[in-house]
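Tertiary structure, described
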Amino acid sequence: MQVVIVDSPAEVGRVAAAKITQVIRRRNDAVLGLATGSSPLAIYAELARQVRQDGLDCSAVRAFALDEYVGLPAGHPESYRSVIQREVVAPLALTPAFVHVPDGTASDVAAACADYEQRIAEIGPVDIQILGIGANGHIGFNEPTSSFASRTRIKTLAPTTRADNARFFDSPDEVPTHCLTQGLGTILDAKRLVLVAQGEKKADAVAKMVEGPVSSMCPGSALQLHADATIVIDQAAASRLALIDYYRYTYDNLPEWQRFYTDGAY
Ligand code: F6R
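Residues numbered from 1 in each chain as written. Predicted model: local features only at pLDDT ≥ 70, side-chain atom pairs only at ≥ 80, totals over all residues. Heavy atoms only, no water.

Looking only at helices and strands, one finds eight helices and 10 strands in the protein chain. Relative to the 2.2 N^0.38 estimate, which gives 18 Å for 266 residues, the radius of gyration of the protein chain is 17 Å and therefore close to what a compact globule would have. Split into buried and exposed, the 266 residues of the protein chain put 53% on the buried side. Across the protein chain, contacts joining residues at least 24 apart in sequence account for 78% of those joining residues at least 6 apart. By element, 54% of the accessible surface of the protein chain is carried by carbon and sulfur atoms, the whole surface being about 11300 Å². (Helix = DSSP H or I, 4+ residues; strand = E, 2+ residues; numbered from the N terminus. Rg over C-alpha atoms; globule rule 2.2 N^0.38 Å. Buried < 20%, exposed > 50% of the residue type's maximum accessible area, 1.4 Å probe, protein only. Contact = heavy atoms within 4.5 Å. Areas by Shrake-Rupley, 256 points an atom, 1.4 Å probe, with all protein chains shown as cover.)

Shown next, in the form of structure tokens:
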């Protein structure tokens, strides 16, 4: 796992976006894995800037969302389909038909999940998967004790996750109790993972993910099993890492060819 510690939340977005741009510039029909929530917003803002100012062309990019709430009507502004349309598809000028989100309105949930896995198998593998992490260590909505072998399925959101996400809704009771989420096994099939975290609230989860035992009690620790996982975090999110000085030293001494090019070059 590569741990990159940067000075500000905005820099988290810039550095992580550079990794994604490298993939898209090498392959214009790259398959992206999309996370929602606050953490990746700075990535999407930076990618949108590159589309507007640097001629980054995302029109052939294919994308798969990590998860979707169950039971929100399709046009609900906080359904992840709506959020992705607003925060990603429109600003990055993605082609809507190339963007896939699990169907949280399906009456046959098992069939919807199997169909989603099938589409990933046909169009994927995902070239680069964007991830955030919950304060309880979840990735996607794989809450603690999720199987490392899990595939897309329905999950019950932890009460703490519902409370954390209440800020997006008019009242806490409106936060759905269930979601469809790619499994940890699905996420680990992506070729590259880039996880971003900002702020002190994520510091415990980040420390457990990077330095704790590989355990379903911290689903993010599954990243320790992936051969190409990068964590880009700010100082606050890094504050409980025991080896923080080593990660800084390693990054400062990276060979030139392994560096990120944050100016959009690659
Ligand atoms: C959302 C997702 C979640 C979030 C996590 C952090 O698609 O997969 O794992 O990344 O809940 O959310 P924020 O970024 O809002 O703190």
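Turning next to the pattern of salt bridges. Two side chains bearing opposite charge may form a pair once their charged atoms approach each other closely. Applying the stated criterion to the full structure yields 15 salt bridges. For the salt bridge of Asp189 with Arg151, the shortest nitrogen-to-oxygen distance reads 2.9 Å. Taken together, the positions of Asp189 in the loop between α6 (184–188) and β9 (193–197) and Arg151 in the loop between β6 (128–131) and β7 (153–156) put the pair 38 residues apart, joining distant regions of the chain. Residue class for Asp189 comes out partly exposed when judged on its relative accessible area of 46%. Counted as one network, the salt bridges with shared partners bring together Arg27, Asp29, Arg62, Asp127 and Lys191. (Salt bridge = Lys/Arg side-chain N within 4 Å of Asp/Glu carboxyl O.)

The next subject is the sheet that holds strand β5 (residues 99–100). The strand order β1-β10-β9-β6-β2-β3-β5 describes an open sheet built from seven strands, whose pairing is parallel. Among the strands making up the open sheet, the edge pair consists of β1 (2–6) and β5. Sheet topology places strand β3 (residues 62–65) next to β5; two bridges connect them, and they run parallel. Paired with Ala63 across the bridge in β5 is Val99. (Pairing = 2+ DSSP bridges.)

Okay, the site of the ligand next. Surveying the vicinity of the ligand reveals 15 residues, the closest of which are Thr36, Ser39, His138, Gly140 and Lys202. Between the ligand and the protein, one listed contact pairs an oxygen atom with a backbone N or O atom of Ser38 at 2.8 Å. Lys202 has a polar side-chain atom sitting 2.7 Å from an oxygen atom of the ligand. Across the complex, the protein chains shield 93% of the 410 Å² of accessible surface that the ligand would expose by itself. Looking at the shell around the ligand, its residues break down into four nonpolar, eight polar and three charged. (Near = heavy atom within 4 Å. Polar contact = N/O pair within 3.5 Å; in protein donor to acceptor, adjacent residues only side chain to side chain. Nonpolar A, V, L, I, M, F, W, Y, C, P; charged D, E, K, R; others polar.)

Our focus in this paragraph is the nonpolar core. Within the largest apolar cluster, 69 residues are counted, with the highest numbers of intra-cluster contacts made by Ile20, Leu195, Val206, Met209, Leu223, Ile233 and Leu241. At seven residues, the largest contribution of residues to this core is made by helix α1 (residues 9–26). Contact partners of Ile20, with chain neighbours within four places excluded, come to Leu32, Ile43, Leu47, Ile128, Ile130 and Val194. One finds Tyr80, Leu157, Ala166 and Cys179 within the second-largest nonpolar core, a separate group that totals 10 residues. (Core = buried A, V, L, I, M, F, W, Y, C linked by side-chain atoms within 4.5 Å.)

Residues of helix α8 (residues 244–252) that are buried: Ile244, Tyr247 and Tyr251. One face of α8 carries all of its buried residues, which in axial projection span an arc of 65 degrees. Turned more than 90 degrees away from the buried face of α8, the exposed residues are Asp245, Tyr249 and Asp252. Elements in contact with the buried residues of α8: β1 and α7 (203–211). (Arc of directions from axis to C-beta.)

With that out of the way, let us pick up the packing of helix α2 (residues 41–53) against helix α3 (residues 80–92). One way to put it is that α2 packs onto α3 with a least axis distance of 9 Å and a crossing angle of 15 degrees. Viewed along their axes, α2 and α3 adopt a mutual orientation that is roughly parallel. Crossing of α2 over α3 shows left-handed handedness. Note on element contacts: α3 touches α2 through Glu87, Val88, Pro91 and Leu92, opposite Leu41, Tyr44, Leu47, Ala48 and Val51. When the residues that make up the contact of α2 with α3 are grouped by side-chain class, the tally is eight nonpolar, no polar and one charged. (Axes fitted to C-alpha atoms, helices over the stretch in contact; angles between N-to-C directions. Parallel < 35°, antiparallel > 145°, perpendicular 65-115°, else oblique. Left-handed = near helix turned anticlockwise from the far one by under 90°.)

Turning to the sheet that holds β7, a few remarks are in order. As a general point, the strands of a sheet are linked pairwise by backbone hydrogen bonds and lie either parallel or antiparallel. Reading across the sheet, the three strands line up as β4-β8-β7 and stay open at both edges, with antiparallel pairing between neighbours. Strands with a single pairing partner mark the edges of an open sheet, and in this sheet they are β4 (67–69) and β7. Direction aside, neighbouring strands of the sheet carry axes that sit 30 degrees apart on average. Sheet topology places β7 next to strand β8 (residues 178–181); four bridges connect them, and they run antiparallel. Bridging from a neighbouring strand, Thr156 pairs with His178 of β8.

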